[in-house]
Amino acid sequence: EPEVTQTPSHQVTQMGQEVILRCVPISNHLYFYWYRQILGQKVEFLVSFYNNEISEKSEIFDDQFSVERPDGSNFTLKIRSTKLEDSAMYFCASSVQGHTEAFFGQGTRLTVV
Amino acid sequence: AQSVTQLGSHVSVSEGALVLLRCNYSSSVPPYLFWYVQYPNQGLQLLLKYTTGATLVKGINGFEAEFKKSETSFHLTKPSAHMSDAAEYFCAVSDSGLTGTASKLTFGTGTRLQVTL
């Protein structure tokens, strides 16, 4: 069964460092998303991406964040200068159409120390 | 703007008992509604969804949910709980969207289901 895959599963980084979280969406999906879940809190939308550009972004997705689809298969989230409060589980998701169900990856747990 | 309220951050039931997890939503446009389950240290798995049509939707693992527009609710039920149902359950809403636009999911705060012997 097709699935969304994320790497790494765990990332520890020092405050101020740049991190890149990687995702391989399901191959025939056209819409891509990043969500995050701070420990003990709800899942929050970060950004959606379609047709090689950002469709929508939340207030959380400030200038420190960027997304890219560098090739036909990968979808990345970059945090330029990490802060302690960026520590969270980051989920990538993809969907066939914009309003159909999103399929989620297993997540990358980011710990900023 | 859309929002989801899940009443009860923790629900405990006995094995074999009815499971009822509550979800109320707010949306200015016809909503699409989803229930996702998250097992420990895993991602989010879709349980079921409501888009249009029949208001009672059936999902995986014996779960079902009923869309009640008048009550703005989408409660999740299962007639008989199993130990393997212990997990965190998230209700989510998105708008019906336009072709070519991505519809984000707005999640509730989640309900942790505990199943006891």
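K.L.:
For the overall build of chain B, give the residues involved together with the corresponding values.
P.N.:
Looking only at helices and strands, chain B features 0 helices and 12 strands. The secondary structure elements of chain B, listed N-terminal to C-terminal, are β-β-β-β-β-β-β-β-β-β-β-β. Its C-alpha radius of gyration of 14 Å places chain B within 12% of the 13 Å reference for a compact globule of 117 residues. With respect to the principal axes defined by its C-alpha atoms, chain B has extents near 45 × 30 × 20 Å. Across the 117 residues in chain B, those meeting the buried criterion constitute 44%. Look at the contacts in chain B between residues 6 or more apart in sequence, and 58% of them connect residues 24 or more apart.

K.L.:
With reference to specific residues and values, describe the state of the cysteines.
P.N.:
Defined simply, a disulfide is a covalent bond joining two cysteines at their sulfur atoms. Under the counting rule described, the total for this entry stands at 2 disulfides over all chains. Each sulfur of the disulfide joining A:Cys23 and A:Cys92 lies 1.9 Å from the other. Its torsion about the S-S bond being -65 degrees, the disulfide of A:Cys23 and A:Cys92 is classed as left-handed. Of this pair, A:Cys23 sits in strand 3 (residues 19–24) while A:Cys92 sits in strand 9 (residues 88–95), and the two are 69 residues apart along the sequence. In this structure A:Cys23 comes out as buried when scored by relative accessible area, which is 1%. A:Cys92 sits in the buried class, given a relative accessible area of 0%. Put simply, B:Cys23 and B:Cys91 are joined by a disulfide, and their sulfur atoms are 1.9 Å apart. With the S-S dihedral at roughly -60 degrees, the linkage between B:Cys23 and B:Cys91 falls on the left-handed side. Here B:Cys91 lies in strand 10 (residues 87–95) and B:Cys23 lies in the loop between strand 3 (19–21) and strand 4 (24–26), a separation of 68 residues in the sequence. Comparing B:Cys23 with B:Cys91, the two get one shared label, buried.

K.L.:
Please set out the pattern of salt bridges residue by residue, giving values where relevant.
P.N.:
Where side chains of opposite charge bring their charged atoms close, a pairing between them can arise. Residues and elements named next belong to chain B. Counted under the stated rule, the structure contains 6 salt bridges over all chains. Residue Lys-58 pairs with Glu-64 through a salt bridge whose shortest N-O separation is 2.8 Å. Overall, the relative accessible area of 64% leaves Lys-58 in the exposed class. Glu-64 gets classed as partly exposed once you look at its relative accessible area, which sits at 22%.

K.L.:
Quick rundown of the packing of aromatic side chains? Include the residues and the values.
P.N.:
By the definition in use, this model includes 18 aromatic pairs over all chains. Among the aromatic residues, those joined into a ring-pair cluster are A:Tyr33, A:Tyr35, A:Phe45, A:Phe91, A:Phe104, B:Phe34, B:Tyr36, B:Phe90 and B:Phe107.

K.L.:
Provide a residue-level description of the interface of chain A and chain B, including the pertinent values.
P.N.:
In this assembly, 19 residues from chain A lie in contact with 22 residues from chain B. Both sides of the chain A and chain B interface together cover about 1,800 Å² of buried area, and 56% of this is carbon and sulfur. At the boundary of chain A and chain B, one finds 2 salt bridges. For the pair chain A and chain B, the interface holds 6 residue pairs in polar contact (both at pLDDT 80 or more). Taken together, the residues of the side of chain A that touches chain B sort by class into 9 nonpolar, 7 polar and 3 charged.

Definitions and cut-offs
Residues numbered from 1 in each chain as written. Chains lettered and ligands numbered in written order. Predicted model: local features only at pLDDT ≥ 70, side-chain atom pairs only at ≥ 80, totals over all residues. Heavy atoms only, no water. Helix = DSSP H or I, 4+ residues; strand = E, 2+ residues; numbered from the N terminus. Rg over C-alpha atoms; globule rule 2.2 N^0.38 Å. Buried < 20%, exposed > 50% of the residue type's maximum accessible area, 1.4 Å probe, protein only. Contact = heavy atoms within 4.5 Å. Disulfide = S-S within 2.5 Å. Salt bridge = Lys/Arg side-chain N within 4 Å of Asp/Glu carboxyl O. Phe/Tyr/Trp six-rings, centres within 6.5 Å; stacked < 30°, edge-to-face > 60°. Buried area = accessible area lost by both parts, 1.4 Å probe. Polar contact = N/O pair within 3.5 Å; in protein donor to acceptor, adjacent residues only side chain to side chain. Nonpolar A, V, L, I, M, F, W, Y, C, P; charged D, E, K, R; others polar.

Keep in mind these numbers describe shape, not what the thing actually does.
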